[in-house]
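Below, each chain spelled out in residue letters.
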Amino acid sequence: MAEDWTLVIHGGAGVIERERMTPERDGAVRRALHEALAAGSAILERGGTSLDAVAAAVRVLEDDPNFNAGRGAVFTAEGANELDAAIMDGRTRAAGAVAGVTATRNPISLARAVMDRSGHVMLIGDGADAFSRSQGLEQAGPEWFATPERREQLERWRAAQQAGLPQSGLAFDPDHKFGTVGAVARDRAGNLAAATSTGGVTGKRWGRVGDAPLIGAGTYADATCAVSATGAGEFYIRMNVAHEICARVRLSGEPVQQAADAVQAETLQLGGSGGVIGLTADGEAAFSFNTPGMYRGVARQGDAAMVAVYGDE
Ligand code: ASP
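What you see is a predicted model, and the numbers here were worked out from it, not measured in a lab.

A look at the sheet that holds strand β5 (residues 181-186)
- Spatial strand order, β4-β3-β2-β6-β5-β1-β11-β12: eight strands in an open sheet with mixed pairing. Looking at strand neighbours, the two that pair on one side only are β4 (122-124) and β12 (306-310), the edges of this open sheet. The average angle at which neighbouring strand axes cross in this sheet is 10°, direction not considered.
- Examined bridge by bridge, strand β2 (residues 83-89) and strand β6 (residues 192-198) share six bridges and lie antiparallel to one another. Looking at β6, one finds that D84 is bridged to T198.

With respect to empty space enclosed by the protein
- According to the stated counting rule, one finds one cavity of 30 Å³ or more in the structure shown.
- In this structure, the largest cavity occupies an estimated 90 Å³ of space.
- When residues in the lining of the largest cavity are grouped by element, the largest group, three residues, is from strand β8 (residues 225-231).
- Of the residues belonging to the lining of the largest cavity, the class tally is four nonpolar, seven polar and two charged.

What about the environment of R91?
- Structurally, R91 is set in the loop between β2 and β3 (94-101).
- Each C-alpha atom, one on R91 and one on G11, is 25 Å from the other, the two residues being 80 residues apart in sequence.
- Each residue touching R91, except ones within four places of it in the same chain, is listed here: N191 and L192.

Regarding the nonpolar core
- Membership of the largest hydrophobic core comes to 51 residues, with the highest contact counts inside it found for I9, L33, F67, I87 and Y295.
- No other element matches the nine residues that helix α2 (residues 50-63) contributes to this core.
- Excluding its chain neighbours within four sequence positions, the residues that come into contact with F67 are G11, V29, A32, L33, L61, G72, A73, R150, G179, V181 and Y295.
- Y236, V241, A242 and A259 belong to the second-largest nonpolar core, a separate cluster that totals 30 residues.

Reading the values: the criteria
- Residues numbered from 1 in each chain as written.
- Predicted model: local features only at pLDDT ≥ 70, side-chain atom pairs only at ≥ 80, totals over all residues.
- Heavy atoms only, no water.
- Pairing = 2+ DSSP bridges.
- Helix = DSSP H or I, 4+ residues; strand = E, 2+ residues; numbered from the N terminus.
- Axes fitted to C-alpha atoms, helices over the stretch in contact; angles between N-to-C directions.
- 1 Å grid on protein atoms, 1.4 Å probe; cavity = no way out; pocket = protein on both sides within 12 Å on 5 of 7 lines; lining within 4 Å.
- Points joined across faces, edges and corners; volume = space filled by probe spheres on them.
- Nonpolar A, V, L, I, M, F, W, Y, C, P; charged D, E, K, R; others polar.
- Contact = heavy atoms within 4.5 Å.
- Core = buried A, V, L, I, M, F, W, Y, C linked by side-chain atoms within 4.5 Å.
- Buried < 20%, exposed > 50% of the residue type's maximum accessible area, 1.4 Å probe, protein only.

Function cannot be read off these values alone, since they describe shape.
Written out as structure tokens, the structure is:
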């Protein structure tokens, strides 16, 4: 057991229902989840670190336009893509995060560079983009991130705003369909890591930052537990969801599934729906979501990788 590795990923939680999905989209999402698992698993299989594995898995999903991270990120009210990401090393509790970046192809790579090379934990906006250039990370223009589907979502959001229609659940997103991506992993040495990357929510403004890049809210890892969240960020921030789950596991020895379900229930009581993935140093994995679906997957040493989309899978 001590030398087993595990990788758990998500591609967002929300109103993901069979009736609303085309077979093409269903297939494309599952393929992308498998690809992300394969990228991370290859690193873990050859004895690489959980930190490298979560970053590799997240990069695949950032590049895939089906997810709300990197390419395919949702639009702000002004029609821009502003990206948030974070990564954390459970072994050392080193962490790196970025918020509101607009020009780095893979925000998770920038978060990793912040952790490894900036002497800080979190950089935002233009400063983070400048740091990215100084580190020689691959840059991308607005046309790389923008997709027609996300533009349509923005138009629907604008129309709803104008009509003054009440919007269910999250204050911003008419589809309540997320797509943030994240990964948690345990490597052969038993070390954990977590990573999360997102475009945030459609129609965000005023430099809004969600939970994903906030260490403890959407992303957290220590020696015992790692968590990546995807949900209504305003509520996940206030509940400090990722840290809260890990604290319960670390301090009381609670099974991670039970801790995740309990914290998710409390967050929902405040009004915040969504999902989390969790993993312990023993290789115990958890998926917890209170939305109709969550894009998700798991790979373990020696087992076939599994992916799922809907709540009943
Ligand atoms: N948690 C993200 C945010 O609030 C949204 C999501 O997970 O879809 O920025």
